[in-house]
Amino acid sequence: MSLDINALRQMITQDTTAIAQLKQLLIEERQLLEQRKQDGLQEIIEQKSITVEQLNNSAKLRHQILTTLGLPTNAAGWDTFLQRNTATLPLCDDWKNLVSEFEECQKMNDVNGKMLARSQQTLNHLLNLLRGKVAAPSLYTAQGTQTQHTSSYTVAKA
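Residues numbered from 1 in each chain as written. Predicted model: local features only at pLDDT ≥ 70, side-chain atom pairs only at ≥ 80, totals over all residues. Heavy atoms only, no water.

**A closer look at the overall build of the protein**
Point 1. For the protein, the helix and strand inventory stands at four helices and four strands.
Point 2. From first element to last, N terminus to C terminus, the protein shows the α and β order α-α-α-α-β-β-β-β.
Point 3. Buried residues in the protein amount to 24% of all 158 residues.
Point 4. Surface summary for the protein: the accessible area is close to 11,200 Å², and the carbon and sulfur share equals 52%. (Helix = DSSP H or I, 4+ residues; strand = E, 2+ residues; numbered from the N terminus. Buried < 20%, exposed > 50% of the residue type's maximum accessible area, 1.4 Å probe, protein only. Areas by Shrake-Rupley, 256 points an atom, 1.4 Å probe, with all protein chains shown as cover.)

**Here we look at the packing of aromatic side chains**
Point 1. Under the definition given, this model contains two aromatic pairs.
Point 2. On the basis of an interplanar angle of 40° and a centroid distance of 4.8 Å, the ring pair of Trp-78 and Phe-81 is categorised as tilted. Placement of both Trp-78 and Phe-81 in helix H3 (residues 75–83) is noted, with a separation of three residues, approximately one turn of the helix.
Point 3. You can call Trp-78 buried: its relative accessible area is 1%.
Point 4. Phe-81 gets classed as buried once you look at its relative accessible area, which sits at 2%.
Point 5. When the centroid spacing of 5.8 Å and the interplanar angle of 55° are considered together, the rings of Trp-78 and Trp-95 count as tilted. Of this pair, Trp-78 sits in helix H3 while Trp-95 sits in helix H4 (residues 92–131), placing them 17 residues apart in sequence. The two residues Trp-78 and Trp-95 agree in class, both being buried.
Point 6. Members of the aromatic cluster, connected to one another through ring pairs, are Trp-78, Phe-81 and Trp-95. (Phe/Tyr/Trp six-rings, centres within 6.5 Å; stacked < 30°, edge-to-face > 60°.)

**A closer look at the packing of helix H1 (residues 5–34) against H4**
Point 1. Two elements in contact, H1 and H4, have axes whose closest approach is 9 Å; the angle formed by their N-to-C orientations is 20°. In this view, H1 runs roughly parallel relative to H4, as classed from their interaxial angle. Where H1 crosses over H4, the handedness of that crossing is left-handed.
Point 2. Taken together, the residues of the contact of H1 with H4 break down into 14 nonpolar, three polar and eight charged. (Axes fitted to C-alpha atoms, helices over the stretch in contact; angles between N-to-C directions. Parallel < 35°, antiparallel > 145°, perpendicular 65-115°, else oblique. Left-handed = near helix turned anticlockwise from the far one by under 90°. Nonpolar A, V, L, I, M, F, W, Y, C, P; charged D, E, K, R; others polar.)

**Considerations on the nonpolar core**
Point 1. Core analysis: the largest hydrophobic core is formed by 21 residues, its most contacted members being Leu-8, Trp-78, Phe-81, Leu-82 and Trp-95.
Point 2. Where this core is concerned, the elements lending two or more residues are H1, helix H2 (41–69), H3 and H4.
Point 3. Element by element, the count of residues in this core is highest for H1, at eight residues.
Point 4. Once you skip the residues sitting within four places of it in the chain, Leu-8 turns out to touch Ile-65, Trp-78, Phe-81, Thr-88 and Leu-91.
Point 5. Membership of the second largest hydrophobic core comes to six residues, among which are Leu-25, Leu-32, Leu-41 and Met-115. (Core = buried A, V, L, I, M, F, W, Y, C linked by side-chain atoms within 4.5 Å. Contact = heavy atoms within 4.5 Å.)

**Focus on the layout of surface pockets**
Point 1. Volume-wise, the largest pocket comes out at about 400 Å³.
Point 2. Contributing elements (two or more residues each) for the lining of the largest pocket: H1, H2, H3 and H4.
Point 3. Considering every element that reaches the lining of the largest pocket, the biggest residue donor is H2, with seven residues.
Point 4. Classifying every residue of the lining of the largest pocket by side-chain character gives twelve nonpolar, four polar and two charged. (1 Å grid on protein atoms, 1.4 Å probe; cavity = no way out; pocket = protein on both sides within 12 Å on 5 of 7 lines; lining within 4 Å. Points joined across faces, edges and corners; volume = space filled by probe spheres on them.)

**A word on the packing of H1 against H2**
Each pair of packed helices can be summarised by the angle the axes make with each other and by the distance between the axes.
Point 1. H2 packs onto H1 with a crossing angle of 155° between their chain directions and a minimal axis gap of 9 Å. Relative to H2, the element H1 is oriented roughly antiparallel. Between H1 and H2 lies a crossing whose hand is left-handed.
Point 2. Residues of the contact of H1 with H2, tallied by class, amount to 16 nonpolar, five polar and five charged.

Here's what the structure looks like:
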């Protein structure tokens, strides 16, 4: 297989740019979630989807290269690929930085996901209170199955 080092360098550069953009979008998303502002979230989600799709396309290309070379199709396989050729050896540091930035994005995305889940849980709780429903704790029967007893109270009468 003929390797185009410039194409590999360009792919890593494009991925680095996409990761930086994703990181910025995650920061903006977190700010909106912290402020409980819904305006702008849809646009950020759409931009994140486009950016992630670009990263997925690069991952598919890396997978194809590794499969063609008979190497494991994971990060270790890509490391091996870069280290075994003197022409690709200079790309190792850029690749490691890219992986590090990607891991940071994953952590940021996890935090945003937890914030979103907590906001949704709070909203559901408030809606249930307005509906006059009190969430009951889950209980277990003697057989070990989970049951929920719900009760409702009248909040106001017309």
